[in-house]
Amino acid sequence: MFGLSLVTIAIWSGYFTLFSAALMVLGLLLKWGIRFRLVGITGFMGVLTGGLFALGLGLHDRPQIPGAVKFTRVFDSGASQVVIVVPATITETALDATLRQAAVDLYSSGRLSQGESTMTIRARALLHPAPGVSQPVYLGQVKPSLLSPTDNEMVVEIDHDQFARLPKPSTSAPSAGA
């Protein structure tokens, strides 16, 4: 769209809607033959403008944090508590980036109405110490502000003791042709 946002297009569409409304009123006062068509055009433009404005508010490009890995949201209170699952093979730098990405992805102004000004996003991995047994290990958390979608002061806390419990990636490459 040549660099124009949907909100900008909605504003210009709103101007055209106002112009067609003024033309419609003039047509009704002067009893033009196309006056009822102008009523339809004005109504259509009002609906189109409202739709464009709503789309402009709802569609946001969320920034991508480099180094973040895919995560799955497993608990969300809808207010200030969220738990995500990350792979057990994650590194500390990837966890930091993933928690920051989760803070961006899970931000919603509707969470603010629940009474708290920050949200707590905790990351966990699953360990399997025995067959059929899963043990969650909480690796870290971040507490972004619910007042602003861009919280530059959020602090990521990583639990290094829990990280030590994760399986170490194997450094030996599998032999080919075995």
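Position numbers for residues count from 1 along each chain, tracking the sequence in the order it is written. Two thresholds apply to this predicted model, a pLDDT of at least 70 for residue-level local features and 80 or more for giving and counting side-chain atom pairs, whereas whole-chain, interface and lining totals are computed over all residues. In computing side-chain values, all of the structure's heavy atoms are included and hydrogens and water are not.

Draft legend 1. A look at helix α2 (residues 35–58). Under the 1.5 Å per step criterion, the end-to-end length of α2 is 35 Å for 24 residues, consistent within 8% with the ideal 34 Å. Within the span of α2, buried status applies to Leu38, Thr42, Met45, Thr49, Leu52 and Gly56. Looking at the buried side of α2, the elements it contacts are α1 (6–30). The numbering of helices and of strands both runs from the N terminus, where a helix is a DSSP run of H or I of at least 4 residues and a strand a run of E of at least 2. Expected helix span is given by 1.5 Å per residue-to-residue step, counting one fewer step than there are residues. A 1.4 Å probe rolled over the protein chains alone gives each residue an accessible area, and that area as a share of the maximum for its type sets the label: buried under 20%, exposed over 50%, partly exposed in between. It only takes one pair of heavy atoms within 4.5 Å for two residues to be counted as in contact.

Draft legend 2. Region of the structure containing the pattern of salt bridges. Here, a salt bridge means any Lys or Arg side-chain nitrogen found within 4 Å of an Asp or Glu carboxyl oxygen. Scanning all chains against the criterion turns up two salt bridges. Note that Asp76 and Arg73 form a salt bridge whose closest N and O atoms lie 2.9 Å from each other. Judged by its relative accessible area of 29%, Asp76 falls in the partly exposed class. Taking the shortest distance from any N to any O, the salt bridge between Arg100 and Asp96 comes out at 3.0 Å.

Draft legend 3. Broad picture of unusual backbone geometry. A positive phi angle, near 55 degrees, is found at Lys31, a position not held by glycine. Note on Lys31: relative accessible area 64%, which makes it exposed.

Draft legend 4. Up close: the packing of α1 against α2. Throughout, an axis means a line fitted to C-alpha atoms (over the contacting stretch in the case of helices), and angles, computed between N-to-C directions, take values from 0 to 180 degrees. Relative to each other, α1 and α2 sit at 165 degrees, their axes nearing to 8 Å. Regarding the angle of α1 to α2, the classification is roughly antiparallel. The way α1 lies across α2 gives a crossing that is left-handed. Classification used: nonpolar for Ala, Val, Leu, Ile, Met, Phe, Trp, Tyr, Cys and Pro, charged for Asp, Glu, Lys and Arg, polar for all others including Gly. Looking at side-chain class alone, the contact of α1 with α2 contains 17 nonpolar, nine polar and one charged residues. In this scheme, roughly parallel covers angles under 35 degrees and roughly antiparallel covers those over 145, while 65 to 115 is roughly perpendicular and the rest are oblique. What makes a crossing left-handed is the near helix being turned counterclockwise from the far one by less than a right angle; a clockwise turn instead makes it right-handed.

Draft legend 5. Summary view of a nonpolar patch on the surface. Patch rule: a residue counts if its relative accessible area is over 30% and it has no salt bridge; like charges are joined within 9 Å, and nonpolar side chains (Val, Leu, Ile, Met, Phe, Trp, Tyr) within 5 Å. Methods summary: accessible areas were calculated by the Shrake-Rupley approach with a probe of 1.4 Å, and residue burial reflects only the protein chains presented. Taken together, the side chains of Ile11, Trp12, Tyr15 and Leu18 present a nonpolar region at the surface, about 490 Å² in accessible area. Inspection of the secondary structure assignment puts Leu18 in helix α1.

Draft legend 6. Molecular detail of the packing of aromatic side chains. When two rings of Phe, Tyr or Trp (its six-membered ring) have centres within 6.5 Å they constitute a pair, described as stacked for plane angles under 30 degrees, edge-to-face for angles over 60, and tilted for the intermediate range. Taken as a whole and assessed by the stated rule, the structure comprises two aromatic pairs. Measuring from centroid to centroid gives 5.3 Å for Trp12 and Tyr15, while their planes differ by 85 degrees, and the two rings are edge-to-face. Note that Trp12 and Tyr15 are positioned in helix α1 at a spacing of three residues, about one turn of the helix. Ring centres of Phe16 and Phe19 lie 6.2 Å apart, and the angle between their planes is 40 degrees; this geometry places the pair in the tilted category.

Draft legend 7. Structural view of the side chain of Ser20. By the element assignment, Ser20 lies in helix α1. With residues near it in sequence (within four places) discarded, Ser20 still touches Ile41, Thr42 and Met45.

Draft legend 8. Summary view of the nonpolar core. For this analysis, a nonpolar core means a set of buried residues of the types Ala, Val, Leu, Ile, Met, Phe, Trp, Tyr and Cys, connected via side-chain atoms within 4.5 Å. In this structure, Ile84, Val86, Leu95, Leu99, Ile121 and Leu139 are the most contacted members of the largest nonpolar core, which totals 24 residues. Put simply, the parts of the chain that give this core at least two residues each are β2 (81–85), α3 (92–105), β3 (120–130) and β4 (133–142). No other element matches α3, which puts five residues into this core. With residues up to four places along the chain from it excluded, the contact list for Leu139 reads Val86, Ile90, Leu95, Ala123, Arg124, Ala125, Glu157, Ile158, Asp159, Gln162, Phe163 and Leu166.

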